[in-house]
Amino acid sequence: MGISQFIKDKAMELGFSACGIAEVAKAGSEEAYFDQWIAEGYHAGMKYMENHREIRLNPDGLVEGAKSVISVALNYYPKVLRNPAEPYISYYAYGEDYHGVVKDKLRQLWKAITEHHPSNNEARVFTDSAPLLERYWAWKAGLGWIGKNTNLIIPGKGSFFFLGEIVTTLVVDTYDSPKKNHCGSCIRCLDACPTGALEGPKRLNARKCISYLTIEHRGEIPVEQAVLLGNRIYGCDTCQAVCPWNRFAMPTAVAAFHPTPSLLSLKKDDLKALSREDYNRIFAHSAVKRAKYEGLLRTIQYLKDKITMRRTFNFLLLFFLSVMTVMAAPGDLQEKLAALKGISGIEKLQSDYYPEKYVVRITQQVDPKDPAAGTFTQRVIVGHVGYDRPTIIVTE
């Protein structure tokens, strides 16, 4: 048996759902995409993504003389789900924090490799913990393809997986080839994204992404996204839930990822009175701690303020419908926007992505039934990418 097949067989024994091996080389096909994503500010407040660019594009910077990336996937799809009527927590955070679980299995895998194939090769293990393009390397290693929702999709298994890597100087006998993309014409994830954060295939704007806003983001959540949170308090799995490939998702056999009774039974009333002690007890070993106590409380507060935000949401919905209507009609878009009721200013912007992009200022009454309540002005960016629907970003 060759070393490549041994590695894959051992990975399966350790509980991984997929394993492949890619030869180290510069990630040339990702370079332009990554640079554009950063340049457009789609990484939002994740400024660390701007660091170590060269290492991100070539793992040789993580392990000097690296020759191979052993990529693995570990299933986290829950065995038992929370009551959908209660506040939503992303599936990946149901069990223990994945960093330790995945890394421990990767260390076991490397130990088995060195025992089977003694050598002086160097190696480091990673899982979402280094400047490494994980999904790209999983694709290069033949695990699956990167879907339009930017998640790695494994054929016949779906996308509810943690990814991990061993970057090593070990040279193997056989390297894997990338999988062909099988998303086809499907755009369910794009259509279902609650905030329109998926602005096109593989174009994820973190500034609008509920997962980013409820987990990584520090500070208040912009009202145009806050009104669309629904009952989500940590993360959002919508783009995965609607993906046809996830009909193949099977409950994880990894005990560490099974939810605790305290997490499953957590109700909205419990969260309204969540103390720091409760937070530490319920989420002691959970990835939910990534959001920190203050961040979780902030998001919980939005669940209480739905009535206040609904007025803003109704205003945005009416404006969106108005824009949809004028885009369907013939004529100059700028002139049509300027003719909408309440428009107090419009300015065309330069954009490499949007053929047409405008800043629109709309002045509306605070309460249409009470003229004495005064008016407010909202600044909105309207972008049109050639589809039937526009992209609208409320900026202030």
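Predicted, not measured: the structure shown is a model, and the values here were computed from it. (Residues numbered from 1 in each chain as written. Predicted model: local features only at pLDDT ≥ 70, side-chain atom pairs only at ≥ 80, totals over all residues. Heavy atoms only, no water.)

Trainee: Got a minute to help me understand the side chain of Ser-17 in this structure?
Mentor: Mapped onto the elements of the fold, Ser-17 is located in the loop between helix H1 (3-13) and strand E1 (18-23). The residues contacting Ser-17, other than those within four sequence positions of it, are Met-12, Ala-73, Asn-75, Lys-157 and Phe-161. (Helix = DSSP H or I, 4+ residues; strand = E, 2+ residues; numbered from the N terminus. Contact = heavy atoms within 4.5 Å.)

Trainee: Would you take a moment to explain unusual backbone geometry for this structure?
Mentor: The phi torsion of most residues other than glycine is negative, and most of the peptide bonds are trans. A positive phi is found at Asp-128, a non-glycine position, where the angle reads about 50°. With respect to the element layout, Asp-128 can be found in the loop between strand E4 (123-126) and helix H5 (134-140). Unusually for a residue other than glycine, Thr-150 sits at a positive phi of about 75°. Summarising the element assignment, Thr-150 is placed in the loop between strand E5 (145-146) and strand E6 (152-153).

Trainee: Hey, could you run me through the packing of aromatic side chains in this one?
Mentor: Centre-to-centre distance and the angle between the planes together describe a pair of aromatic rings. Under the definition given, this model contains 18 aromatic pairs. Each ring, one from Tyr-88 and one from Tyr-91, has its centre 6.0 Å from the other, and the planes form 45°; the classification is tilted. Taken together through their ring pairs, the aromatic side chains of Tyr-76, Tyr-77, Tyr-88, Tyr-91, Tyr-92, Tyr-94, Tyr-98, Phe-160, Phe-162, Tyr-234 and Phe-257 make up a single cluster. (Phe/Tyr/Trp six-rings, centres within 6.5 Å; stacked < 30°, edge-to-face > 60°.)

Trainee: Honestly, the pattern of salt bridges in this entry has me stumped. Any pointers?
Mentor: Pairing between side chains of opposite charge can happen when the charged atoms of each approach one another. Applying the stated criterion to the full structure yields 13 salt bridges. Note that Arg-53 is salt-bridged to Asp-35, the shortest N-O span being 2.8 Å. Residue Arg-53 is found in helix H3 (residues 53-57), and its partner Asp-35 is found in helix H2 (residues 28-39); the two are separated by 18 residues along the sequence. Look at Arg-53 and you get partly exposed, because its relative accessible area is 25%. For Lys-47, the salt bridge identified is with Glu-50, shortest N-O distance 3.8 Å. Glu-50 sits in the partly exposed class, given a relative accessible area of 42%. (Salt bridge = Lys/Arg side-chain N within 4 Å of Asp/Glu carboxyl O. Buried < 20%, exposed > 50% of the residue type's maximum accessible area, 1.4 Å probe, protein only.)

Trainee: Explain the state of the cysteines here, please?
Mentor: Throughout this description, disulfide means a covalent bond between two cysteine sulfur atoms. Enumeration according to the criterion identifies zero disulfides in this entry. Not part of a disulfide, Cys-236 finds its nearest cysteine sulfur in Cys-239, a span of 6.6 Å. (Disulfide = S-S within 2.5 Å.)

Trainee: Explain helix H4 (residues 98-116) to me, please; I cannot follow it from the model alone.
Mentor: Residues three or four positions apart in an α-helix share a direction because the helix packs 3.6 residues into each turn. Relative to the 27 Å expected for 19 residues at 1.5 Å per residue, H4 spans 27 Å between its end C-alpha atoms, a close match to the ideal helical length. Of the positions making up H4, those classed as buried are Tyr-98, Val-101, Val-102, Lys-105, Leu-106, Leu-109, Trp-110, Ala-112 and Ile-113. Each buried residue of H4 lies within a common arc of 165° when the element is viewed along its axis, so the set occupies one face. Here the buried face of H4 lies against H1, strand E2 (68-75), E4 and strand E7 (161-168). (Expected span 1.5 Å × (residues − 1). Arc of directions from axis to C-beta.)

Trainee: Looking at this structure, how should I read the nonpolar core?
Mentor: Core analysis: the biggest nonpolar cluster contains 52 residues, and Ile-7, Ile-89, Tyr-234 and Phe-283 have the highest contact counts within it. Ranked by the residues each element gives to this core, the list is headed by H4, at eight residues. When sequence neighbours within four positions are dropped, the list of residues in contact with Ile-7 reads Cys-19, Ile-21, Ile-70, Leu-109, Ile-113, Leu-170 and Val-172. Val-69, Ala-73, Tyr-136 and Leu-163 belong to the second-largest nonpolar core, a separate cluster that totals 47 residues. (Core = buried A, V, L, I, M, F, W, Y, C linked by side-chain atoms within 4.5 Å.)

Trainee: Would you explain the packing of H1 against H4 in this entry?
Mentor: How two helices sit against one another is set out by the angle between their axes and by the gap between those axes. Closest axis-to-axis distance for the H1/H4 pair is 10 Å, and the angle between their directions is 145°. Every pair of crossing elements has a handedness; the one defined by H1 and H4 is right-handed. From H1, Ile-3, Phe-6, Ile-7, Lys-10 and Ala-11 reach across to H4, where they touch Leu-109, Ala-112, Ile-113 and His-116. Taken together, the residues of the contact of H1 with H4 break down into seven nonpolar, one polar and one charged. (Axes fitted to C-alpha atoms, helices over the stretch in contact; angles between N-to-C directions. Left-handed = near helix turned anticlockwise from the far one by under 90°. Nonpolar A, V, L, I, M, F, W, Y, C, P; charged D, E, K, R; others polar.)

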